[in-house]
Amino acid sequence: RAAPSLARRGPAAAGPEAAAGSAASAVVLPERLQRREAERQQGVERQRQKKEAQVVKEEQSEFFLGASAREREAVEALLAAGALEEAAARLQALQKLLTDSVRFLAPYEVRQGQEAVARLQGELAARREQLQPKKKFAFRALKKEAAPGSAPRPAEPAPPDLAAPDPDLAEGDPGGPPLCGFSGARDEELELGGAELLQRDVLLSELRGCRVLLRGNPNTLRVRDCSGCTVLCGPVSTSVLVDGCSDCLLAMACQQLRTHRTHGCRVYVQVTSRAVIEACSDVSFAPYSWSYPGIERDFESSGLDRNRNNWNLVDDFDWLATDQPSPNWSLIPEQERVTSWD
Amino acid sequence: MGLLTILKKLREKERELRLLVLGLDNAGKTTLLKRLNGEDVGGTSPTLGFNIKTLEHRGFRLHLWDVGGQRSLRSYWRNYFESTDALLWVVDSSDRQRLRLCATELRALLREERLAGAALLVFANKQDLPGALPAADIREALELDSIRSHRWRLQGCSAFTGRDLLPGLDWLLDELGARLCPPD
Ligand SMILES: Nc1nc2c(ncn2[C@@H]2O[C@H](COP(=O)(O)OP(=O)(O)OP(=O)(O)O)[C@@H](O)[C@H]2O)c(=O)[nH]1
Ligand SMILES: [Mg+2]
C-alpha cells in the first residue's frame, strides 16, 4: 500500500508507515532520495527518543519535588512535636531520596534539596539539645571553613544542556555613551570622583588598555567588554556586573559580584553577599585592598557592612560539583597579591 | 469531613495564588520579594536555584516562586510554569544594553501554552537610579501595547527603596480576585 502512494506524493510527504522501507518503495525511489528519506526517519526517531528521555526526566524530577516536599513537611511536623527519633529516620529517608534522584535532577534542584536537608539536620540537632539539656551534644559544624572552591555544592556537575545558547555569545547590545562612566577609550587614564559617582549607575564599556580610577560610592557598576584595563573602584552599594572582559585587574567593594564570559582577570573584592561566575575561566580573587583618602566616608554612604566579606566564596554556575573545586576560578596566593596600587 | 468544612477548604484554596517571578539575572527579583516581605535585603545573593515565599495580602495567600535568571538557569524556567496564576516580570530599567534580550525573553514566555491564562505584571525596577529608563520607555521597548494574549500591567518601582511595589500587586489581586470570586 505504501509504495504507490509514496511514489505519488514523493518522499517529502511520506508518513511514518513508509519508513518500514518496503521492497516496493526501493523500486520506485531513486537511491539518493531513498537515502535521504532514511536519514530523515533516523532523525525523527532520534528526536522522539530524546523527547521521551526528556519527559521521563521531567516526570521523575516532578515526582522528586513532590515527594521531597511531603517528606520535608513530615520532618518539620515531627520536629515540632518532639518526635526526634522518627524525625531523624524520616530525614535519613529524605537524604536517600535526594541521593537516588541526583541523576535526573537539575543541579540547582540538587543544591536546594541538600540545603533543605542540612537545614533540617541543624534543626534536629538544635531540638535534641533543647530537649536533652543534660546530655552533652557536640555540634558538627554545618558550615565548613572556606577553602578555595569548596563551597557547598550539589553532587553532580551540570550535564551540558544542548538546547542552551552558546554561553560565550554576548548578551548585550552596544549602547550610546553612558550617562555616568566611559566607553570606547584606548590607552587612557580615566577618573571620576565622589560627587560624580555618588549613588549613580556607572558603566564602563569597550575600553582597551585603560586605567580607570573611581574614587567614590556608586550605586551599581557595570564593566562590559573591556580588555587589558585596570579598574579600581570605591564601595558600590548594590551589584557589580563584569561581562565579556579579559586580562583586566579589578578592585571593588560591593554587595554582589556577577562575572560573566570573562577570562584571565584578577579581582580584588570585598563582597558582602556572594560572588558568582558564569561562562568564565581563569578568574582569580583576592581581598579588596585598594584605598584612597575618603574611602571611609564612601563606605558609610554605601551602606555596605565592612565586617562582611565573602571574597573567597565563589559560586560557579557551570560547576556544581561538591567534591571537586571549580577549575574556572582560584584564589591569588598571598605572596603574589598586589601591594602597591600606584 | 462535613460538607461545610469541604466548602470552606475550597474557598480557602481559591484564595491561594501561585505567582511566578521571572526576569534576567540582576533584575532585582529576590530583592523585590524580600522587600515585600519586610526582610533585610542587604544579604541577597544571586539565586542559584529558586526561592519560594508566601505572603499574605488582602486576605490572599500568595505563593511567590522566584527562579534565578542567570543565563544557565533560564532553560529551567519552564519547569515552573504549571498552575501559574500570574507572571511577574522584573526588569532592570538601567540595563539598557540588555533591554532587547529582556524583551525577547518575555515574548518567548508569552507564547508558552502553560502560561496562557496567567496575568502579566511587569515591574520596571530600579527607578531610583539616575540612568534608569522611565516606565514609559520600558513599555515601548518591551512592546507591551501589542500584547493581546494576556491581561497586563506595567509598574515602575524600586525594590532598593521600596517605592511603588504595592500598587502593582493590588492591580494583580483585583484582576485575579475578580476572576476567582466573581461578585454574586
Ligand atoms: N539601585 C537598585 N538596585 C536594586 C534594586 N533592586 C535590586 N537591586 C540590586 O540589584 C542586585 C540584584 O538583585 P537580586 O534581587 O539579587 O536580582 P535577581 O533578579 O534576583 O537576580 P538572579 O537571582 O540572578 O536572577 C542586588 O545587588 C540588589 O541590591 C532597585 O530597585 N534599585
Ligand atoms: Mg534572585
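Since the model is a prediction, treat every value here as computed from it, not as a measurement.

Got a minute to help me understand the interface of chain B and chain A in this structure?
Accessible area lost during the coming together of the parts is what is often quoted as the interface size. Each partner contributes to the interface: chain B provides 37 residues, whereas chain A provides 44 residues. Buried surface at the junction of chain B and chain A, both sides included, amounts to about 3500 Å², of which 47% is carbon and sulfur. Scanning the region where chain B abuts chain A turns up seven salt bridges. Among the ionic pairs, Arg74 of chain B bridges to Glu171 of chain A, the shortest N-O distance being 2.8 Å. For the interface between chain B and chain A, the tally reads 22 residue pairs in polar contact (both at pLDDT 80 or more). Here the element with the most residues in the side of chain B that touches chain A is helix 3 (residues 71-74) of chain B; it accounts for four residues. The residue inventory of the side of chain B that touches chain A, partitioned by class, reads twelve nonpolar, 14 polar and eleven charged.

Could you clarify how one ought to interpret the site of ligand 1 in this entry?
Lining the immediate surroundings of ligand 1 are 27 residues, of which Gln255 of chain A together with Lys29, Thr31, Gly69 and Asp128 of chain B lie closest. Those residues lying near ligand 1 are distributed over chains A and B. In this structure, an oxygen atom belonging to ligand 1 sits 2.7 Å away from a side-chain N or O atom of Arg258 of chain A. A distance of 3.2 Å separates an oxygen atom of ligand 1 from a polar atom in the side chain of Ser158 of chain B. For the shell around ligand 1, the secondary structure elements donating two or more residues are strand 8 (249-260) of chain A together with helix 2 (29-36) of chain B.

What should I look at first to understand the packing of aromatic side chains in this one?
Within a pair of aromatic rings, the relevant descriptors are the distance that separates the centres and the angle that separates the planes. Scanning the model with the defined rule gives seven aromatic pairs over all chains in all. Consider the rings of Phe285 of chain A and Trp329 of chain A, whose centres lie 6.1 Å apart with planes at 80 degrees: the pair is edge-to-face. In this pair, Phe285 of chain A is assigned in strand 10 (residues 281-287) and Trp329 of chain A in strand 12 (residues 329-331), connecting sequence segments 44 residues apart. Trp329 of chain A carries the same exposure label as Phe285 of chain A, and that label is buried. Each ring, one from Phe50 of chain B and one from Trp65 of chain B, has its centre 5.7 Å from the other, and the planes form 20 degrees; the classification is stacked.

Looking at this structure, I do not really get the pattern of salt bridges. What am I missing?
Two side chains of opposite charge can pair, provided their charged atoms sit close to one another. Counted by the stated rule, this structure contains 33 salt bridges over all chains. Between Arg261 of chain A and Asp243 of chain A there is a salt bridge, with its nearest N and O atoms 2.7 Å apart. One end of the pair, Arg261 of chain A, is in the loop between strand 8 and strand 9 (263-278); the other, Asp243 of chain A, is in strand 7 (residues 239-243), and 18 residues separate them in sequence. Each of the two residues, Arg261 of chain A as well as Asp243 of chain A, counts as buried. One salt bridge in this structure joins Asp164 of chain B and Arg163 of chain B, with 3.1 Å as the shortest N-O distance.

Even after reading the chapter, I still don't get the UniProt feature "binding site: Mg(2+)" (unreviewed entry) in chain B, so can you show me in this structure?
Mapped onto this numbering, the UniProt entry gives "binding site: Mg(2+)" (unreviewed entry) at Thr30 and Thr47 of chain B. Spanning 18 residues, the named residues nonetheless gather at one spot, since no C-alpha pair among them exceeds 7.6 Å. Take Thr30 of chain B: it is sitting in helix 2. According to the relative accessible area criterion, Thr30 of chain B is buried, its value standing at 13%. Aside from chain neighbours lying at most four places away, what touches Thr30 of chain B is Thr44, Thr47, Asn51 and Asp66 of chain B. Within the element layout of this structure, Thr47 of chain B appears in the loop between helix 2 and strand 2 (50-57). Excluding residues within four positions of it along the chain, Thr47 of chain B makes contact with Phe317 of chain A together with Thr30, Asp66, Gly68 and Leu73 of chain B. Within polar-contact distance, the side chain of Thr47 of chain B engages the side chain of Thr30 of chain B at 2.9 Å.

Is there a simple way to think about the state of the cysteines in this case?
Put plainly, a disulfide is one covalent bond tying together the sulfur atoms of two cysteines. With the rule as written, the count across this model stands at zero disulfides over all chains. Just so you know, Cys210 of chain A is unpaired, no disulfide at all, and the nearest cysteine sulfur is the one on Cys229 of chain A, 4.9 Å from it.

It is not clear to me how the coordination of the magnesium ion (ligand 2) should be interpreted in this structure. Could you clarify?
Under perfect tetrahedral coordination by four donors, a metal shows angles of 109.5 degrees; under perfect octahedral coordination by six donors, it shows angles of 90 or 180 degrees. All names here are of chain B. The coordination sphere of the magnesium ion (ligand 2) contains the protein donors Thr30 (OG1) and Thr47 (OG1), at a distance range of 2.0 Å. Taken together, the residues span a long stretch of sequence, with Thr30 in helix 2 and Thr47 in the loop between helix 2 and strand 2 at a distance of 17 residues. Overall, Thr47 belongs to the buried group, its relative accessible area being 13%.

How should the confidence of the model for chain B be read in this particular structure?
Atom-level detail of predicted coordinates should not be read off regions where pLDDT is low. Of the residues in chain B, 90% reach a pLDDT of 70 or more, and the chain-wide mean stands at 90. The complex prediction reports pTM at 0.72, with the ipTM value standing at 0.92.

Explain the side chain of Arg18 of chain B here, please?
Residue and element names in this part refer to chain B. By secondary structure assignment, the location of Arg18 is in strand 1 (residues 16-22). We note that Arg18 is buried and unpaired, the nearest opposite charge coming from Asp85 at a distance of 7.0 Å. Among the polar contacts listed, one links the side chain of Arg18 to the backbone oxygen of Tyr80, at a separation of 2.7 Å. Look past the residues within four positions of Arg18 in its chain and what remains in contact with it is His63, Trp65, Tyr80, Glu82, Ser83, Thr84, Asp85 and Ala86.

Parameters and conventions
Residues numbered from 1 in each chain as written. Chains lettered and ligands numbered in written order. Predicted model: local features only at pLDDT ≥ 70, side-chain atom pairs only at ≥ 80, totals over all residues. Heavy atoms only, no water. Contact = heavy atoms within 4.5 Å. Buried area = accessible area lost by both parts, 1.4 Å probe. Salt bridge = Lys/Arg side-chain N within 4 Å of Asp/Glu carboxyl O. Polar contact = N/O pair within 3.5 Å; in protein donor to acceptor, adjacent residues only side chain to side chain. Helix = DSSP H or I, 4+ residues; strand = E, 2+ residues; numbered from the N terminus. Nonpolar A, V, L, I, M, F, W, Y, C, P; charged D, E, K, R; others polar. Near = heavy atom within 4 Å. Phe/Tyr/Trp six-rings, centres within 6.5 Å; stacked < 30°, edge-to-face > 60°. Buried < 20%, exposed > 50% of the residue type's maximum accessible area, 1.4 Å probe, protein only. UniProt positions renumbered as here; feature names shortened; annotations may be inferred. Disulfide = S-S within 2.5 Å. Donors = N, O, S within 2.8 Å, 3.2 Å for Na, K, Ca; no water. pLDDT = per-residue confidence, 0-100. Lys, Arg positive; Asp, Glu negative; His and termini not counted.

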